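Commentary on secondary and tertiary structure
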Amino acid sequence: MNYPQLSLYIDGEFLHGNGRKEQEILNPATHQVIGQLPHASTEDLDRALAAADLAFQSWKKTSPLERSKILRKAGELMRERAADIGRGITMDQGKPLHESTGEVMACGEHAEWHAEECRRIYGRVIPARNTAVRQTVLREPVGVVAAFSPWNFPFSQAVRKVSAALGAGCSIILKGPEDAPSAVVALAKIFHDAGLPKGVLNIVWGVPSEVSDHLLNSPVVRKITFTGSTPVGRMLAAKAAGQMKRSTMELGGHAPVIVCNDADLEQALNNLAPFKFRNAGQVCISPTRFYIQNGVYDRFVTGFLEKAQSLKVGDGLKEGTQMGPLAQHRRVSAVQSLVEDARERGANVLLGGAPMPGAGNFYAPTVLSDLSDDSRLMREEPFGPVASMIRFDGIDEVLKRANSLPFGLASYVFTQSSRNAHVLSTGLAAGMVSINHLGLALAETPFGGINDSGMGSEGGSETFDGYLNTKFVTHLN
Ligand code: NAD
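Read on for a plain summary of the structure. Remember, it's a predicted structure, so these values are computed and weren't measured experimentally.

This paragraph deals with the pattern of salt bridges. Here the structure, examined in full by the defined rule, presents 22 salt bridges. We note a salt bridge from Asp298 to Arg391, for which the minimum N-O separation is 3.4 Å. Placement of Asp298 in helix H10 (residues 294-309) and of Arg391 in strand S16 (residues 386-392) is noted, with a sequence separation of 93 residues between them. Judged by relative accessible area, Asp298 falls into the exposed class, the value being 51%. Owing to a relative accessible area of 39%, Arg391 belongs among the partly exposed residues under this scheme. Here Arg343 and Glu340 are joined by a salt bridge, their closest N and O atoms 3.2 Å apart. Taken together, the residues Arg343 and Glu340, both in helix H11 (residues 329-344) and three residues apart, mark about one turn of the helix. Here Glu340 falls in the partly exposed class, since its relative accessible area comes to 28%. A single salt-bridge network, built from bridges that share partners, covers Arg160, Lys161 and Glu458.

Counted according to the given criterion, the structure contains seven aromatic pairs. Residues Trp151 and Phe383 carry aromatic rings whose centres are separated by 5.6 Å and whose planes lie at 85° to one another, so their mutual orientation is edge-to-face. One end of the pair, Trp151, is in the loop between strand S7 (144-148) and helix H5 (156-168); the other, Phe383, is in the loop between strand S15 (366-369) and S16, with 232 residues separating them in the sequence. Across the pair, Phe383 and Trp151 agree in class, each one buried. Between Phe290 and Phe304, the ring centres sit 5.2 Å apart and the planes meet at 65°, which makes this aromatic pair edge-to-face. Residue Phe290 is found in strand S13 (residues 287-293), and its partner Phe304 is found in helix H10; the two are separated by 14 residues along the sequence. For the pair shown, Phe290 and Phe304 are each scored as buried. Through a chain of ring-to-ring contacts, the aromatic side chains of Phe277, Phe290, Phe300 and Phe304 assemble into a single cluster. Positioned over the ring face of Phe447 is Arg160, at 4.8 Å from the centre of the ring.

By secondary structure assignment, the location of Pro325 is in the loop between H10 and H11. The sequence separation of Pro325 and Gln93 amounts to 232 residues, and the corresponding C-alpha distance is 8.4 Å. In this structure Pro325 touches Pro28, Ala29, Gly94, Ala280, Gln282, Gly314, Asn361 and Phe362, once residues within four positions along its chain are discounted.

Further remarks concern empty space enclosed by the protein. By the definition in use, this model includes two cavities of 30 Å³ or more. Considered as a void within the structure, the largest cavity measures approximately 70 Å³ in volume. In this structure, the largest cavity is lined by 14 residues; those nearest its centre are Pro256, Phe407, Gly408, Ala410 and Ala429. Each residue belonging to the lining of the largest cavity can be placed in one class, and the counts come to nine nonpolar, four polar and one charged. For the second largest cavity, the calculated volume is near 30 Å³. Contributing to the lining of the second largest cavity are Gly253, His254, Gly281, Val283, Cys284, Ser286, Thr288, Glu381, Pro382 and Phe383. Grouping the amino acids of the lining of the second largest cavity by side-chain chemistry returns four nonpolar, five polar and one charged.

Quick notes on the rules
Residues numbered from 1 in each chain as written. Predicted model: local features only at pLDDT ≥ 70, side-chain atom pairs only at ≥ 80, totals over all residues. Heavy atoms only, no water. Salt bridge = Lys/Arg side-chain N within 4 Å of Asp/Glu carboxyl O. Helix = DSSP H or I, 4+ residues; strand = E, 2+ residues; numbered from the N terminus. Buried < 20%, exposed > 50% of the residue type's maximum accessible area, 1.4 Å probe, protein only. Phe/Tyr/Trp six-rings, centres within 6.5 Å; stacked < 30°, edge-to-face > 60°. Lys NZ or Arg CZ within 6 Å of the ring centre and 35° of its normal. Contact = heavy atoms within 4.5 Å. 1 Å grid on protein atoms, 1.4 Å probe; cavity = no way out; pocket = protein on both sides within 12 Å on 5 of 7 lines; lining within 4 Å. Points joined across faces, edges and corners; volume = space filled by probe spheres on them. Nonpolar A, V, L, I, M, F, W, Y, C, P; charged D, E, K, R; others polar.

Pasting the structure below:
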């Protein structure tokens, strides 16, 4: 299969060419140009706004059952097309093919979950003080949504936003990741083929700050949703707040994993080593700070190194590849500067610690120990294949260290003690805690962070909260 034709999707039409500015798309494993991405002109953005505004007027009146049917059909098409979409993701984002197709298959569940759950967007009746009065609470779609989805999970992050908006009865303009666009174009085709009315979903591309400024400045947009870095999220949330637009923010993390002396070490290693290097560590819930209790530190680090050393790194399209390149060249220098800083501050590089020779954005699986708390790697999200090993003595001490950053997304605990599990799950300042396994990011469970990691949840029964207004109606008969 060749790399797919890239396009905008506005008012039910796939658009490219016609003098639009284009951006080259590179394969991160080879640096070869594989496609051209059309940028939206100002007229395209205005057309998307007008189409979304008009489509919202009728989409908000559709029954949940009708919306559910389209979402369910979209889920079926995701599964049917997973192999082709996955190949496109590996070509422009770099992750191994099994991870790409797995991402698309899992999205079938996300679409289905939203199809089911949108039929349960309930209001309520509040008993009135006067029996002639009927007090009801209605939940209504907020309006046109502007969504900004990232490049690390180009399909699933877009699916979560689009499914939630459509299920709630909102129309949406999505700016996908320009670095890895094929999955989002495929998503537009899926909803087009599933029978979504024109204008309800629109896809645009461009210079991120220009597109977001244009969309946020429009009074048509009533809500924004963004997944990406904390600095960009903070800036977009501030702009949205200035115009009283609602926002959902899924931002960065720096996930602590706490492995206690009483942990089942085999279970911890079998879960954590592959998970750390999944998508070359470019995952907001990737474990990044490994706090290992003294009694098991040496055995854990030895076991982790063995697994990390044996990873097969290469082009994601090749059979047997377990870790692909980083998605962009800028990530290689970003990761390298964090590792260099840690080394200068006394850290030991136990494995890797450098870009790999040859073409492509390959960075070696890296394990560090003896990091000083003031190294940048202990404070900034590495977003790469880097694991930092840190010793600890007691539970109170580790809780304090784990909670010492402004981030609060994912956290992990491995322990056989119910007391440790209780103290840590209640004490960790994070939106998600996973104990003795990796159980995050399922369609039926809420996903989201606190503090600098963002606000609002995607997935679970909370998934529509950010897309609905609450209206109170009181009626004297
Ligand atoms: P970046 O901060 O430049 O961009 C992050 C994302 O925001 C990208 O998808 C980008 O297209 C988008 N973006 C940037 N400026 C924008 C604007 N003004 N308006 C709308 N969207 C805008 O960083 P990057 O180099 O692309 O990624 C690296 C960092 O981003 C990582 O360190 C990581 O913290 C974060 N990130 C987080 C997630 C996540 O899942 N939470 C996903 C991707 C990237």
